[in-house]
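The lines below spell out each chain.
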Amino acid sequence: MNGLSFDIAHMLAGMLVLVSFMMLYQVRLYSLLHALALHAFVLSTSVAWQAYSQNAPHLYVTAAIALCFKAIIIPWALRGMVYRLGLHREVETVVGVGMTMLAGMALVALSLEVMLPATSQADPVTREDIALALSVVLIGLLMMVTRRNAVSQVVGFMSLENGIILAAAGAQGMPLVVELSVAFSVLIAFIVIGIVLFRIRERFDTVDDDALDRVRQHPGMFGAEIADERWRRPGKIEAAIASDRRRKPGLVGSGGPHE
Amino acid sequence: MIGDFAPADLAIQGGQMTLVLGLSPLLTGLVRKVKARLQRRRGPPLLQPYRDLRRLLSKDAVLAENASWLFRAAPYLIFAVTWVAAALVPTFATGLLFSWSGDLIAITALLGSARFIQALAAMDIGTSFGGLGASREVMIASLAEPAMLMIAFTVALIVGSTQLSTIAAMLSTGDSGLRVSLALALVALVIVSVAENARIPVDNPATHLELTMVHEAMVLEYSARHLAMIEWAAYLKLLLYISLIGCMFFPFGIVDGPASPERYLGAVGLYIAKLASAGVLLAVFETSIAKMRVFRVPNFLGAALMLGLLGVLLLFVSQGM
Amino acid sequence: MILVVLSAILGLLGLALTGAVFAHNAAGRIAVYGGSLLVCTALLAAGIAALGAEPSRLVLPVGLPWIGAHVRLDSLSGCFLAVIGLGGAGASLYGIGQGRHEHDPQRVLPFYPAFLAGMAMVVIADDAFSFLFAWELMSFASWALVMAHHRAKGTAWAGFVYIVMATFSGLALLLCFGLLAGPAGGYSFDAMRAAPPAAGTEALVFALALLGAGAKAGLVPVHVWLPLAHPAAPSHVSALMSGVMTKVALYGFLRIVFELCGPPVWWFGLVVLVLGGITAVLGVLHALMEKDLKRLLAYSTVENIGIVFLGFGLALAFRANGFAVGAALALTAALFHAVNHAAFKSLLFLGAGAVLTATGERDMDRLGGLIHRMPRTAFLMLVGCIAISALPPLNGFVSEWLTFQAILLRAELPQWGLKLAIPAVGALLALAAALAAACFVRAFGIAFLGRPRSRQAADASEVDGWSFAAMAGFATLCLLGGVLPGVVIDALAPVSQALVGAHMPAQLSVPWLTTVPVEASRSSYNGLLLFGFIALSSLIAVTATHRFASRALRRGPAWDCGFPDASPATQYTATSFSQPLRRVFGTLVLRARETVEMPPPGSVAPARIHRSISDPIWDFLYAPVGRAVAFTAGLLNYLQFLTIRRYLGFVFAALVLLLASLAIWQ
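Everything numeric in this text was worked out from a predicted model, so none of it was measured.

Conventions used here
- Residues numbered from 1 in each chain as written.
- Chains lettered and ligands numbered in written order.
- Predicted model: local features only at pLDDT ≥ 70, side-chain atom pairs only at ≥ 80, totals over all residues.
- Heavy atoms only, no water.
- Helix = DSSP H or I, 4+ residues; strand = E, 2+ residues; numbered from the N terminus.
- Rg over C-alpha atoms; globule rule 2.2 N^0.38 Å.
- Contact = heavy atoms within 4.5 Å.
- Phe/Tyr/Trp six-rings, centres within 6.5 Å; stacked < 30°, edge-to-face > 60°.
- Buried < 20%, exposed > 50% of the residue type's maximum accessible area, 1.4 Å probe, protein only.
- Lys NZ or Arg CZ within 6 Å of the ring centre and 35° of its normal.
- Buried area = accessible area lost by both parts, 1.4 Å probe.
- Salt bridge = Lys/Arg side-chain N within 4 Å of Asp/Glu carboxyl O.
- Polar contact = N/O pair within 3.5 Å; in protein donor to acceptor, adjacent residues only side chain to side chain.
- Nonpolar A, V, L, I, M, F, W, Y, C, P; charged D, E, K, R; others polar.
- Domains from an automatic or database assignment.
- pLDDT = per-residue confidence, 0-100.

## Observations regarding the overall build of chain C
At step 1: Secondary structure summary: chain C contains 26 helices and five strands in total.
At step 2: Its C-alpha atoms give chain C a radius of gyration of 27 Å, near enough to 26 Å, the size a compact globule of 666 residues would have.
At step 3: C-alpha atoms of chain C, sized along the principal axes, occupy 105 × 75 × 60 Å.
At step 4: Restricting to contacts in chain C with at least 6 residues of sequence separation, those with at least 24 account for 80%.

What follows is the structure in structure tokens.
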């Protein structure tokens, strides 16, 4: 397991980390979904290579599932959902893109620092792959924490799953049953999340976290706001409620009545 | 090694210096032609940049009344520094006579000197466009230069040296294998090259709108032979970055050690082929992406810096990556 | 050799007395500055001679009766003595010329030689008492010099913060030496070398030395006095404080941590490394936000001190891991950078002083176009700006290149903290270097280029010959350091041999005078050849264009895209130039905010733009302490306004308490 195959396994795991960083960097929802598809594609390539070098044919099935569902079907369905929900294509991050990427770097350093000494007795290919897989998981979590939009949080959750599958595939011995159950649980979770998102959107006209938080704190107020806005500006309700955080001081008339 | 005076090395060094000088306008001509074709235009002829240089050199120079000696001297200094930097990058052979006088960090710093003088010359006349170009240029440079240094570190840690000749020789043998850090460094270097050469998405080299300019705003007051020197320096810089990518990441075909003249000619031919394909890829890339808002550029370059840093970190932490 | 230094110090003290007596006389000024020039040249020569020689020592009968005053001149002292001599000579030469513009010479002339004497005494002191005495003399003399322009706005606050931080540094060093002396009370350095402290004490000694010496050098977080005090002093004194006094503080750190402390622990290096990196970036970010030319230079000093500490941290880390070759490289790089900084920072401060006397302005937004009015000063300042931006072929690049080579040297360090910190700090160093170049493009471009933004800038006149000679001397040193770095590296070899037990390979024997940090196959740099190539290529370019192309030249109005504006107010100002960088870096680090107040349409009120920057270190570290002290003082203030009966009650209570404790104790 030396030389070229060593390098290719590392290269693919590194590519997965790279695509995770690309997802942190994306600001628009459609590009985020493309990045998610790329993420799953790289995952499936990596798992297929593991199948080839470990001589474990059941991993080919995992790779096929990852390719089919996570790289094609799920991003396509999410894209359709985004279109139907009419969500703003801009994803607002809690802190700027630069800070998020710095935090991502720190998480990679942390996962390397934790995993590499802890697995010093293990096979060298596996330990570095597991360290990189842990970084993918942590970056997925970071994405869930630093995004306001519920759809992008779902994307973060998906990339987290991909990291776990990479770790499991690298660890030499993941039975097919587990893979099938993992795949279907992902699917069901996706369906549930989709339904929940639709319900939220129906009820509150937004899936933005902060707007939803406001509802949680003042349940009655949101309805009053809608009524007020209807009274003051008929036809401008959508602009009023969509919590567009872009404040451009000095530009007249952008962003609605919150200025 | 240092100070050996083999006549073959002298010939290679001299040949390389004239080659880069002569080929650089052709490279830019190729990029413009391919871009035009992709936009369904005929485009200017391939040799147009040579004609542009000749035309500019024959004109009368007009200087602003309050231009100082710095403004007059700057184009020559920028050209000289960029030419020296381009002469230190191995293109078709590693046996450059003076390659030990400047390594990758020195080349990055030489390009930084050229940029320093260019920004000062922009501020010399005292117009608002000069200040605009200079302030945006230093903002871009403040992220692109550290990213370039991180890339240099990544490659240096893998090869064990910062000398470009050694890097090209060692990476062409393939002993280091496919490394994650090298892939990260390649992506980062492509981003940095796009930013440093004032290409879309960072800056539009063909714009006429002053508010979207970065590099063009710095050379707004120049004319005739001064402008010719600056334009040629810009062509050289593009060639330098593409040669750098070729020498560090695609070093196959670079002649290492003494060889027959046919071998050298073959290496030159391969180098020209690499330049041509890089030019075509650059044109395709520029056509398929839109120019970014000025304050999105730091995010773009910050990503390159992070990738470079990640590459270095991986190499510090584990020798296999 | 040491007798030369001692007589030089006595000469300086004598000059201080002369200055006190003959301050208002022009002859007195020339005597003081001329005498200082001669004495400093002697110090420079003595320092260089001491670099390769055996240490010479002496015990003087002055000082504490049971210790006497030990003095010793070894290679480390010699290196820093040479720096003192160099900086002092340049500043004195400048003072001969520009000193006549001083309004209150009696506040400057006595303290200037005393300052130099204090610094010289610090580097030759060989026991704790003389070291601390000399340290305090240095602080006091420089404080008096800072307060020289006491009527200017902000000087009183600068003096206050400076004296508080100087006292803090003296106190930290006092505690440090106390711990090193141990219960036996061996105050001489020889006794401390013979008895290195135990592990716990060693950590405490290291922390105290870092804080104490760092406070004088300008290390984050104890750097806050530097940007206040350095600009407030007269320009040649600022040059001495930035260029030389910070180096004396570095000497203190080296002496204590590398020699007296015993073998280092790896995390010493980690702490110093990380603090150095943070200092470098914070310093240059603040410099980018400043529009006062001298404050910008002061913050840039903070940045360069950070780079030097970064090198020291690497040296400590390598030495703790037994990697002496790497430690030698890192230490030599840091010392070279310290020497370079003395040269180019002195040059820049002297140039800023020339601008200040010529125009009366420190604010860059009121300068401009000085390259036409002060061409020679502008050229020398350009050399200084290129050198400090670490651009080849000048000296700043060589020391930064050597630091980068030290960072790349070995990646197989066993400690995880170092494995993660070194690449991160390397990125910080690269970022600081790029931002420094941006800072000095801004400084030179706004102050010297463009069109004059005020009447004073338009009427500026060139400096006199003495000041020009001083600046030209420093500029020549910058060039020589860049093309012949082997001379300096070989001169520093005995210092690194004494401190870490190894030195860099001999540079002057390498063909073509190339600089080879470790071995030729690894990396090399030839400043002389690069300088020659650049000169040759520009010559070829100029002659070819003038011979084969047109050489005609016409002057006309500026093009400015066809809309030329006669007012110089349309140029970029210092604040507007750094706006992109403020947005990118300042928003996070310095909490930079910009708000625009637009009046409603139809109103004739002006629109306003507010920008605010806060210093996070001041807000989180110093302001709470200041507030706590003020609060406590307010409480204790009640004691001022008690009645006589209450005071008597206090005395009575104290007496009763003492008697009661006496009773309990028995």
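Once the structure has been displayed, the description carries forward.
## A word on the packing of aromatic side chains
At step 1: Tallying each qualifying case throughout the model produces 33 aromatic pairs over all chains.
At step 2: The interplanar angle of 65° and the centroid separation of 6.2 Å between the aromatic rings of Phe258(C) and Phe312(C) together place this pair among those described as edge-to-face. Pair noted here: Phe258(C) is in helix H11 (residues 235–260) and Phe312(C) is in helix H13 (residues 293–320), with a separation of 54 residues, a long-range link. Note on accessibility: Phe258(C) and Phe312(C) belong to one class, buried.
At step 3: By way of ring pairs, the aromatic residues Phe98(B), Trp100(B), Trp512(C) and Phe533(C) are connected into one cluster.
At step 4: Positioned above the aromatic ring of Trp225(C), the side-chain terminus of Lys216(C) is 5.9 Å from the ring centre.
At step 5: In this structure, Arg376(C) packs its charged tip against the face of Phe468(C), placed 4.5 Å from the ring centre.

## Considerations on the interface of chain A and chain B
At step 1: Between chain A and chain B, the contact holds 22 residues from the first and 23 residues from the second.
At step 2: Roughly 1900 Å² of surface becomes buried between chain A and chain B when both sides are summed, with 80% attributable to carbon and sulfur atoms.
At step 3: Of all residues in chain A, Met11(A), Tyr25(A) and Met105(A) bury the most surface against chain B, accounting for 29% of the area lost on that side.
At step 4: If you look at where chain A meets chain B, you find zero salt bridges.
At step 5: At the surface where chain A touches chain B, the tally comes to zero residue pairs in polar contact (both at pLDDT 80 or more).
At step 6: Sorting the residues of the side of chain A that touches chain B by element identifies helix H1 (4–25), helix H4 (97–118) and helix H5 (124–146) of chain A as the ones contributing at least two each.
At step 7: At 10 residues, H1(A) tops the list of elements feeding residues into the side of chain A that touches chain B.
At step 8: Of the residues in the side of chain A that touches chain B, the class split is 17 nonpolar, three polar and two charged.

## Details of the interface of chain B and chain C
At step 1: If you look at the interface, chain B gives 84 residues, while chain C gives 85 residues.
At step 2: Between chain B and chain C, the buried area comes to about 7300 Å², and carbon and sulfur atoms account for 73% of it.
At step 3: For the interface between chain B and chain C, the tally reads 26 residue pairs in polar contact (both at pLDDT 80 or more).
At step 4: At the level of elements, strand E1 (61–64), helix H3 (69–87), helix H4 (104–124), helix H5 (128–159), helix H9 (224–249) and helix H11 (297–317) of chain B are the ones that each hand at least two residues to the side of chain B that touches chain C.
At step 5: Counting residues per element, the side of chain B that touches chain C draws most heavily on H5(B), which supplies 18 residues.
At step 6: Looking at the side of chain B that touches chain C residue by residue, the class counts come to 53 nonpolar, 21 polar and 10 charged.

## Quick notes on unusual backbone geometry
At step 1: Cis geometry is found at the peptide bond from Ile200(B) to Pro201(B), where omega equals 10°.
At step 2: Its identity is not glycine, yet Ala224(B) carries a phi of approximately 50°, on the positive side.
At step 3: As for its position among the elements, Ala224(B) is in helix H9.
At step 4: Despite not being glycine, Asp560(C) shows a phi value in the positive range, around 50°.

## Remarks on the environment of Thr377(C)
Residues and elements named next belong to chain C.
At step 1: Within the fold, Thr-377 resides in helix H16 (residues 375–388).
At step 2: Take Thr-377: its relative accessible area is 0%, and that puts it in the buried class.
At step 3: For the pair formed by Thr-377 and Leu-260, sequence separation is 117 residues and the distance between their alpha carbons is 44 Å.
At step 4: In this structure, Thr-377 is in contact with Gly-351, Ala-354, Glu-462, Val-463 and Met-471, ignoring residues within four places of it in sequence.

## Overview of the domain arrangement of chain C
Residue and element names in this part refer to chain C.
At step 1: Considered domain by domain, chain C is made up of domain 1 (1–196 + 219–225 + 233–252), domain 2 (263–538), domain 3 (575–596 + 607–614) and domain 4 (621–665).
At step 2: Spacing between the C-alpha centres of domain 1 and domain 2 amounts to 23 Å.
At step 3: Contacts between the two partners involve 32 residues from domain 1 and, on the opposite side, 39 residues from domain 2.
At step 4: Interface of domain 1 and domain 2: buried area, both sides summed, is about 2900 Å²; carbon and sulfur atoms make up 78% of it.
At step 5: On the domain 1 side of the interface with domain 2, the three residues burying the most area are Tyr-94, Leu-219 and Leu-250, jointly 21% of the side's total.
At step 6: Where domain 1 meets domain 2, there are zero salt bridges.
At step 7: At the junction of domain 1 with domain 2, the criterion picks out eight residue pairs in polar contact (both at pLDDT 80 or more).

## Section: the side chain of Asp74(C)
Residues and elements named next belong to chain C.
At step 1: Within the secondary structure, Asp-74 sits in the loop between strand E2 (69–73) and helix H3 (75–98).
At step 2: Reaching out from Asp-74, the side chain makes a polar contact with the side chain of Arg-72 at a distance of 2.8 Å.
At step 3: With sequence-adjacent residues up to four places away left out, Asp-74 is seen in contact with Ala-50, Pro-55, Arg-255 and Glu-259.

## Let's talk about the confidence of the model for chain C
Low pLDDT means the predicted atomic positions in that stretch should not be read closely.
At step 1: With 100% of its residues at a pLDDT of at least 70, chain C reaches an overall mean of 91.
At step 2: Here the predicted complex scores 0.89 on pTM and 0.95 on ipTM.

## A closer look at the side chain of Thr332(C)
All names here are of chain C.
At step 1: Relative to the assigned elements, Thr-332 resides in helix H14 (residues 324–359).
At step 2: A relative accessible area of 1% places Thr-332 in the buried class.
At step 3: Within the structure, Thr-332 has its side chain in polar contact with the backbone oxygen of Ala-328 (distance 2.5 Å).
At step 4: When residues no more than four places from it in sequence are discounted, the contact partners of Thr-332 are Ile-489, Leu-492, Ser-496 and Met-504.

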